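# Descriptive structure summary
For reference, the chains in residue letters:
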Amino acid sequence: MGPQVSRSCRAFGILATRWLASILIAHSAAAQEAKMAYQGRLTESGLPANGLFEMRFGLFDTPDTGTGTRQGAEVSVSDVAAENGVFTALLDFGVSVFDGTPRFLEISVRRAGSTNSFATLSPRQAITPVPYAIRTLSATPVPGGVQSDGSGNVAVGTAVFPPGIRLNVEGATRVSPGGNGGLVQIGTPNGETGLTIAGTNRVDLRFNRDTLTLAAGSNSGPPPPWNGLTLNTNGNVGIGLASLASNSLWKLEVNGPTRITPVGAAGGAIQFSTPNSETGMSILGRNRADLRFDDASVKLVAGPGNGPPGNSSGLSIDLHGRVGIGTSSPTHTLSVAGSASVADRLQVGPVLLPSAMLEVASAGQPAIRAESANRDIPAVSASGLTHGRAIHADGHVTQGRINGGFVKAMVVISGLTIQRCFNGVGDESTTPELTQGNCGISISKVEADSYVDSTYIDFGFRVTDRFIIVTPGQRSNRLAVANLFYAPRGIDTEIAVVVGLADGEESGADAPIPFTVVVF
């Protein structure tokens, strides 16, 4: 296709001239013709011309009007019909003028039957390589021209006819198919082998032996590879990347936010980007859920509306494996900020009690710890509904010395013997043996007569501010009584108990009277 130019001289002009491959070539050199059809568009006063015109055509070796030497004779054509500006003329300059050097066509025109001078159009039209196919009447190929091998195969710019190839072109090829996209050009876009569609903007499909790139840009320059899609020879695909590593393990690699909208999904769109300035994924619909990572913790959160849900609106896991529910800063293996509900069983620690709703095992720390900041609200509340037991302790129940509610210590004494005992406060060194030996309780006797026993009892913790109950036993079915004395010797961990017969008479036996002491 020839160059598109706009020109005028007086009332006439030529616009968008082009050459057609209408060259008649005979199989015999003696009978061969050098005719070619020339088609152009003629305008008159800026509008497409209609009617009959006289035209003169001359072939020159220079592009500028008034210069150079005419090659061959001038060709005059009368009564050239133009319809909506389009005309066709059959020209024959002979064979010898096409020797491979540049040729330029000069056109002069006037209305048919007019006595006005011919208007010469400037500049001249360059002759494209197509007419040089006339050279096929000789045995010498034209470098850069069009050739045929006699079997219908055509070569342009080369004398090579690859097997099975009907058209072989060496060099860039350009096609103007029309439409809004512009031109299609096969060549070396951005120094690579490929194809370009260029108009106001541009699209490239190019290959550099390692990577195939399909990219688009907002101007006529070569689009950068990250403006589209890349495919390497390993079949790996990249979107928004300059290039893909040849040994990449990723079949699809995307550089930039990515959005997927599953058809018919109630949740909406899935978006891979930087939710809340973190790396992650969002599921967007009427409401929103995020999975995001800030290099310190991963969060799975959900919230109403399309804004990023707060960090406390779900679950988080930090780099130490600590899980937070309702908090993004867990301080324990599991931290829950807010209320929690368990429908079946909750197990903490390696315990196996299938009949229990809550199983807790301890290792050197309290199994359950509860604190209340309000004296009117208990830290732990239990209700035994329908005559059920509210609390059952399969083990010892202890309490701090200064607190009320539980028994602090109990001991059954007969003479100088502790028969049974319990110490819920005691010294730390004796606590593991609260029910063994003397439970950290020491006793001593004072001189006693036949009917009175006096015993000093040291519990190992202060008892002078506690409630204490002493219950005496019997001797020979006779009623006994007891008296209690706090700190008889000024020691606040000690009491004295005096036990005797209620009738004050001698029993006639020296067996000691047993008694029980309970400290609250």
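Described below are features of the structure shown in this document. (Residues numbered from 1 in each chain as written. Predicted model: local features only at pLDDT ≥ 70, side-chain atom pairs only at ≥ 80, totals over all residues. Heavy atoms only, no water.)

### A word on the overall build of the chain
Of the regular secondary structure elements, the chain holds zero helices and 40 strands. For the chain, the residues scored as buried account for 30% of the 520 residues in total. Taking the contacts inside the chain whose residues are at least 6 apart along the sequence as the reference set, 38% of them involve residues at least 24 apart. Carbon and sulfur atoms provide 54% of the accessible area of the chain, an area that totals close to 31,000 Å². (Helix = DSSP H or I, 4+ residues; strand = E, 2+ residues; numbered from the N terminus. Buried < 20%, exposed > 50% of the residue type's maximum accessible area, 1.4 Å probe, protein only. Contact = heavy atoms within 4.5 Å. Areas by Shrake-Rupley, 256 points an atom, 1.4 Å probe, with all protein chains shown as cover.)

### Description of the sheet that holds strand E11 (residues 146-148)
The strand order across the open sheet built from three strands is E11-E12-E13, with neighbouring strands paired in mixed fashion. Since the sheet does not close on itself, it has two edges, and those belong to E11 and strand E13 (167-169), each with one partner. Strand after strand, the sheet turns through a mean of 15° between neighbouring axes, direction not considered. Pairing analysis gives three bridges linking strand E12 (residues 154-156) to E13, with the strands arranged parallel. Within E13, the position partnered with Val156 by the bridge is Val169. (Pairing = 2+ DSSP bridges. Axes fitted to C-alpha atoms, helices over the stretch in contact; angles between N-to-C directions.)

### Observations concerning the side chain of Arg466
When you line up the elements, Arg466 lands in the loop between strand E35 (452-458) and strand E36 (468-472). Despite being buried, Arg466 has no salt bridge partner; Asp465 is the closest side chain of opposite charge, sitting 4.6 Å away. (Lys, Arg positive; Asp, Glu negative; His and termini not counted. Salt bridge = Lys/Arg side-chain N within 4 Å of Asp/Glu carboxyl O.)

### As for the packing of aromatic side chains
Inspection of every chain in the model, using the stated rule, returns three aromatic pairs. Relative to Phe57, the ring of Tyr38 lies with its centre 6.0 Å away and its plane at 65°, an arrangement referred to as edge-to-face. Residue Tyr38 is found in strand E3 (residues 35-44), and its partner Phe57 is found in strand E5 (residues 51-60); the two are separated by 19 residues along the sequence. This pair shows no difference in class: Tyr38 is buried, exactly as Phe57 is. An angle of 45° between the planes, with centres 6.2 Å apart, marks the rings of Tyr38 and Phe87 as tilted. With Tyr38 in strand E3 and Phe87 in strand E7 (residues 86-92), this pair connects stretches of sequence that are 49 residues apart. (Phe/Tyr/Trp six-rings, centres within 6.5 Å; stacked < 30°, edge-to-face > 60°.)

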